[in-house]
Amino acid sequence: MAAVTIIFLDYIFAFTVIGLAGFLRNKVSNPSAAAVTGTVGVCALRYICHVISGCTVWAGVSIPSTDGLLYSLSYNATYMIPETIINAAAVFWLFGCLNFRSEKISVAKKIEKNLTETVSASISILSLMVAVIIDAVAVFASLQNPDSGVLDFSLISNTNFTLVGIVSAIGIVLCVVFAIIAKVTSNSAKKVN
């Protein structure tokens, strides 16, 4: 019974909810906002599926049964928060580049008008995504118990927070710089037209 529950909660339900990402498509006028909100919503639903599986099925097996809910909330947050940030940024970028509202998917009109703005905005989002990925890898690597291979939150002190801070700062600075370049380019294009 546990195997069936794991299959349904951790795989079938958790990944099927991703299909609901477009539930706001016709309710919100801004396509990017609708897509990002839908993405965050389905990532939250997926997180809930994994937490339920963790605190019910995995408790006592690979999760301490006394703190099953807290451990499941913590463990699943370690990968779902970065994944949600990365997915939301990617969807925001994708909906900024492509027009999904027409019958056929086409390049957004603003990209055709100003390629420099689009490239700058893309690099801005990409720099933040890369920083989140590098930080997540640095933290996860320190949380893994070298003897058992199990995730152990008591090893958080082994994390190189200097590296995490530097990578985060570089990612944020690059994101802001390229966002400013995109905004200046956009304003220049508007003045010309």
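Residues numbered from 1 in each chain as written. Predicted model: local features only at pLDDT ≥ 70, side-chain atom pairs only at ≥ 80, totals over all residues. Heavy atoms only, no water.

### Some details on the overall build of the chain
When helices and strands are tallied, the chain shows six helices and two strands. The helix and strand sequence of the chain, counted from the amino end, reads α-α-α-β-β-α-α-α. Computed over its C-alpha atoms, the radius of gyration of the chain comes to 20 Å, more than 25% above the 16 Å expected for a compact globule of 193 residues. Dimensions of the chain along its principal axes, counting C-alpha atoms only, are 65 × 40 × 20 Å. Buried positions account for 34% of the 193 residues belonging to the chain. Considering only contacts within the chain whose residues lie at least 6 apart along the sequence, 65% involve residues at least 24 apart. Averaged over its 11 positive side-chain charges, the chain has a centre that lies 24 Å from the centre of its 9 negative ones. (Helix = DSSP H or I, 4+ residues; strand = E, 2+ residues; numbered from the N terminus. Rg over C-alpha atoms; globule rule 2.2 N^0.38 Å. Buried < 20%, exposed > 50% of the residue type's maximum accessible area, 1.4 Å probe, protein only. Contact = heavy atoms within 4.5 Å. Lys, Arg positive; Asp, Glu negative; His and termini not counted. Charge placed at Lys NZ, Arg CZ, Asp CG, Glu CD.)

### Here we look at the confidence of the model for the chain
Per-residue pLDDT for the chain averages 82, and the proportion of residues at 70 or more is 90%. The secondary-structure element of the chain with the lowest mean pLDDT is helix α4 (residues 109-113), recorded at 60, while helix α2 (residues 31-58) shows the highest, at 87. (pLDDT = per-residue confidence, 0-100.)

### Thoughts on the pattern of salt bridges
Enumeration according to the criterion identifies one salt bridge in this entry. Ionic pairing is found between glutamate 83 and arginine 46, a salt bridge with its closest N-O pair at 2.2 Å. Here glutamate 83 is found in helix α3 (residues 68-97), whereas its partner arginine 46 is found in helix α2, with 37 residues between them in sequence. (Salt bridge = Lys/Arg side-chain N within 4 Å of Asp/Glu carboxyl O.)

### Points about the nonpolar core
Counting residues in each nonpolar core, the largest one holds five residues, listed as Ile86, Ala89, Ile125, Met129 and Val132. Elements with a minimum of two residues in this core: α3 and α5 (115-143). For this core, the leading source of residues is α5, giving three residues. Each residue touching methionine 129, except ones within four places of it in the same chain, is listed here: Ile86, Ala89 and Ala90. (Core = buried A, V, L, I, M, F, W, Y, C linked by side-chain atoms within 4.5 Å.)

### Section: the environment of isoleucine 86
As for its placement among the helices and strands, isoleucine 86 is situated in helix α3. Isoleucine 86 has contacts with Met129, Val132 and Ile133, leaving out every residue within four places of it along the chain.

### As for the packing of helix α1 (residues 2-16) against α2
Interhelical geometry of α1 versus α2 gives an angle of 170° and a closest axis separation of 8 Å. One element, α1, and the other, α2, form an angle in the roughly antiparallel class. Between α1 and α2, the residues in contact are Ala2, Thr5, Ile6, Leu9, Asp10, Phe13, Ala14 and Phe15 and Arg46, Cys49, His50, Ile52, Ser53, Val57 and Trp58, respectively. For the contact of α1 with α2, the class distribution of residues is ten nonpolar, three polar and two charged. (Axes fitted to C-alpha atoms, helices over the stretch in contact; angles between N-to-C directions. Parallel < 35°, antiparallel > 145°, perpendicular 65-115°, else oblique. Nonpolar A, V, L, I, M, F, W, Y, C, P; charged D, E, K, R; others polar.)

### Quick notes on the packing of aromatic side chains
This structure, assessed with the given rule, holds three aromatic pairs. A ring pair is formed by phenylalanine 8 and phenylalanine 13, whose centres lie 5.6 Å apart and whose planes are at 45°; its orientation type is tilted. We classify phenylalanine 13 as partly exposed; its relative accessible area is 41%. Relative to tyrosine 79, the ring of tyrosine 75 has its centre 5.8 Å away and its plane inclined at 65°; by these criteria the two rings are edge-to-face. Here tyrosine 79 and tyrosine 75 lie together in helix α3, a separation of four residues that amounts to about one turn. Owing to a relative accessible area of 36%, tyrosine 75 belongs among the partly exposed residues under this scheme. Since its relative accessible area comes to 24%, tyrosine 79 is described here as partly exposed. The rings of Tyr71, Tyr75 and Tyr79 are connected pair by pair, giving a single aromatic cluster. (Phe/Tyr/Trp six-rings, centres within 6.5 Å; stacked < 30°, edge-to-face > 60°.)

### Structural notes on the side chain of serine 72
Looking at the secondary structure, you find serine 72 in helix α3. The exposure class assigned to serine 72 is buried, which follows from its relative accessible area of 0%. In this structure serine 72 touches His50, Val51, Gly54 and Cys55, once residues within four positions along its chain are discounted.

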